[in-house]
Amino acid sequence: MSTSVLRTMLSVSLCLLLAFPVLAARQKPSGVSSVKSGSDTMTVDQKSGEVRVTSTVLKDCSQPSVCDWGRRFQAFFGAKDGKMAPFFIFSTEINRTDIDKAIKSVGIQSRRQIPMTEVKQRSGLKSTTQKDDYLDGDPLLVSVRWKKDGKMVDVAIEDLIEEKISVDGKDVIKPYTPHFVYHGTAEAINFASGCIVCPSGCNGGIIADNSLPLKETKNYFRFDWNKMPPPGAKVEIVLKSVHGK
C-alpha cells in the first residue's frame, strides 16, 4: 500500500472519529421520541416516565370555570379535534388517541373504566355509592410548564385553579385538591369528546379527578388568571405517574 493511500485512509478515519460526537449530540436521548401535529409536539420520555404535550392557552369567559365560578364535566385540557373543544382552557392539536397510547407506553395503567350504559346507576355521591362507582387507575401528576421572563415555570395544574364548596349552607373557597387518575374510558369506548384531563369523575375523557364518584359536580371551579400563563401562550402539559420510573 502506498504512503499516499495510507495517509488518505488515516485522514478519513480521523474525520469520522471527530464527527462522531457531533452526530451523537444531534440524536435524541435514548428512550425519547416525539410526534408533531400542526403547531404542537408530544414528547414521550420512557426514562422519566413522562408524556409532555404542547398546548395553547385559551380564555373564553363564556365557558364555565374559565373566568367565574362554574361547574363542569368538560376537560380543562383537551384535543382540538374533539367535540368539547370550545370548553378547553389548554388545547392541543395532538390527537387524543396518540396521547392515550403514549400514556400506556410509559407503563401507566387503567384499573376501572365505566361504560356509558352504567352512567345512570353509578352517577353522583349518595348513600349507596360504592367503590365500583369510581373511575380508577394509576394516579398522575399533571403540571403546566411555560417560559416567563426568560425562565421556565413548572406548576401543578391544581395550583392555577380555585375550588369552592358549600359548608353548612355557606360557600367556602379552598385549595383545589384533585386526585387525578388515568382510566382511559373515552378511548376504550371511542367517545370523541377530545377530553383528556377532566375536573370530575367523568368517563368522557381519559384522566379524571376521582376524589368524587362518577359525574359528581357539587364543587365549583375558577381559573386564577393572576397565576395563569397569558391567553394564546404556548405551554407544555406534563403527565407523569406518581409511581415514577
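Because the structure is predicted, anything quoted here is derived from the model rather than measured. (Residues numbered from 1 in each chain as written. Predicted model: local features only at pLDDT ≥ 70, side-chain atom pairs only at ≥ 80, totals over all residues. Heavy atoms only, no water.)

*Asks:* Explain the environment of Ile189 residue by residue, including any values.
*Replies:* Note that Ile189 resides in the loop between α4 (185-188) and β13 (195-198). Linking Ile189 and Gly204, residues 15 residues apart in sequence, is a C-alpha distance of 9.0 Å. (Helix = DSSP H or I, 4+ residues; strand = E, 2+ residues; numbered from the N terminus.)

*Asks:* Any chance you could break down the sheet that holds strand β15 (residues 220-223) for me, citing the residues and the numbers?
*Replies:* Read from one edge of the open sheet, 3 strands run β11-β10-β15, paired in antiparallel fashion. Of all the strands in the sheet, just β11 (170-175) and β15 have a single pairing partner and so form its edges. The mean angle between the axes of side-by-side strands here comes to 30°, regardless of whether they run parallel or antiparallel. Here 6 bridges tie strand β10 (residues 161-167) to β11, and the two strands are oriented antiparallel to one another. What sits directly across from Glu162, in β11, is Pro175. (Pairing = 2+ DSSP bridges. Axes fitted to C-alpha atoms, helices over the stretch in contact; angles between N-to-C directions.)

*Asks:* Residues and numbers for the environment of Phe87, please.
*Replies:* The residue Phe87 is located in the loop between β4 (77-79) and β5 (90-92) in this model. The spatial distance from the C-alpha of Phe87 to the C-alpha of Leu58 is 9.1 Å, given a sequence separation of 29 residues. The residues touching Phe87, leaving out its near neighbours within four places in the chain, are Gln63, Pro64, Arg72, Gln74 and Ala75. (Contact = heavy atoms within 4.5 Å.)

*Asks:* Give me the state of the cysteines: which residues, what numbers.
*Replies:* Scanning the entire structure with this criterion turns up 1 disulfide. Disulfide partner of Cys61: Cys67, at an S-S distance of 1.9 Å. Across the S-S bond linking Cys61 and Cys67, the dihedral sits near -60°, which makes this disulfide left-handed. For Cys67, a relative accessible area of 27% corresponds to the partly exposed category. Cysteine Cys195 shares no disulfide, and the gap to the nearest cysteine sulfur, in Cys198, comes to 4.6 Å. (Disulfide = S-S within 2.5 Å. Buried < 20%, exposed > 50% of the residue type's maximum accessible area, 1.4 Å probe, protein only.)

*Asks:* Go over a nonpolar patch on the surface with me, naming the residues and quoting the values.
*Replies:* A contiguous nonpolar patch, built from Met116, Ile189 and Phe191 and spanning about 220 Å² of accessible area, is present on the exposed surface. Mapped onto the fold, Met116 is located in the loop between β6 (110-112) and α3 (119-122). (Patch = residues over 30% accessible without salt bridge, like charges linked within 9 Å, V, L, I, M, F, W, Y side chains within 5 Å. Areas by Shrake-Rupley, 256 points an atom, 1.4 Å probe, with all protein chains shown as cover. Salt bridge = Lys/Arg side-chain N within 4 Å of Asp/Glu carboxyl O.)

*Asks:* Which residues make up the pairing of strand β3 (residues 50-57), and what values go with them?
*Replies:* With 7 of its 8 residues buried, β3 lies for the most part within the structure. Bridge count between strand β2 (residues 40-45) and β3: 4 bridges; the pairing is antiparallel. Residue pairing for β3: Thr43 is matched across the bridge by Arg52. Counted between consecutive antiparallel strands, the loop separating β2 from β3 contains 4 residues, among which Gly49 sits at a positive phi close to 70°. Bridge count for β3 against strand β16 (residues 234-241) is 7 bridges, and the pairing is antiparallel. Bridge pairing in β16 links Glu50 to Lys240. Where β3 and β5 come together, 2 bridges link them in antiparallel fashion. Bridge pairing in β5 links Thr56 to Ser91.

*Asks:* Could you give an account of the side chain of Glu163, with specific residues and numbers?
*Replies:* Residue placement: Glu163 occurs in strand β10. Residue classification places Glu163 among the buried positions, given a relative accessible area of 5%. Among the polar contacts made by the side chain of Glu163, one reaches the side chain of Lys174 at a distance of 2.7 Å. At 2.6 Å, the side chain of Glu163 and the side chain of Asn219 are in polar contact. Filtering out sequence-adjacent residues up to four positions away, Glu163 remains in contact with Trp69, Val172, Ile173, Lys174, Pro175, Tyr176, Thr177, Asn219, Tyr220 and Phe221. (Polar contact = N/O pair within 3.5 Å; in protein donor to acceptor, adjacent residues only side chain to side chain.)

*Asks:* Would you mind going over the nonpolar core in detail, with residue names and values included?
*Replies:* Counting 41 residues, the largest nonpolar core has Phe90, Ile103, Ile207 and Leu239 as its most contacted members. The element best represented in this core is strand β8 (residues 140-148), accounting for 4 residues. For Leu239, the contacting residues outside a window of four places in its chain are Gly49, Glu50, Val51, Ile99, Ile103, Leu141, Val142, Val197 and Ile207. Listed in part, the 6 residues of the second largest apolar core include Ala75, Ala85, Phe88 and Cys195. (Core = buried A, V, L, I, M, F, W, Y, C linked by side-chain atoms within 4.5 Å.)

*Asks:* Please set out the packing of aromatic side chains residue by residue, giving values where relevant.
*Replies:* Applying the stated criterion across every chain, the model contains 6 aromatic pairs. With centroids separated by 5.3 Å and ring planes inclined at 85°, the aromatic side chains of Phe76 and Phe223 adopt a geometry described as edge-to-face. With Phe76 in the loop between β3 and β4 and Phe223 in strand β15, the pair connects residues that are 147 residues apart, well separated along the chain. For Phe76, a relative accessible area of 0% corresponds to the buried category. Here Tyr176 and Phe221 contribute two aromatic rings whose centre-to-centre distance is 4.9 Å and whose plane-to-plane angle is 65°, an arrangement assigned as edge-to-face. On the criterion of sequence distance, the pair formed by Tyr176 in the loop between β11 and β12 (180-182) and Phe221 in strand β15 is long-range, its members being 45 residues apart. Exposure class is identical for Tyr176 and Phe221. Each is buried. (Phe/Tyr/Trp six-rings, centres within 6.5 Å; stacked < 30°, edge-to-face > 60°.)

Structural measurements only, silent on function.
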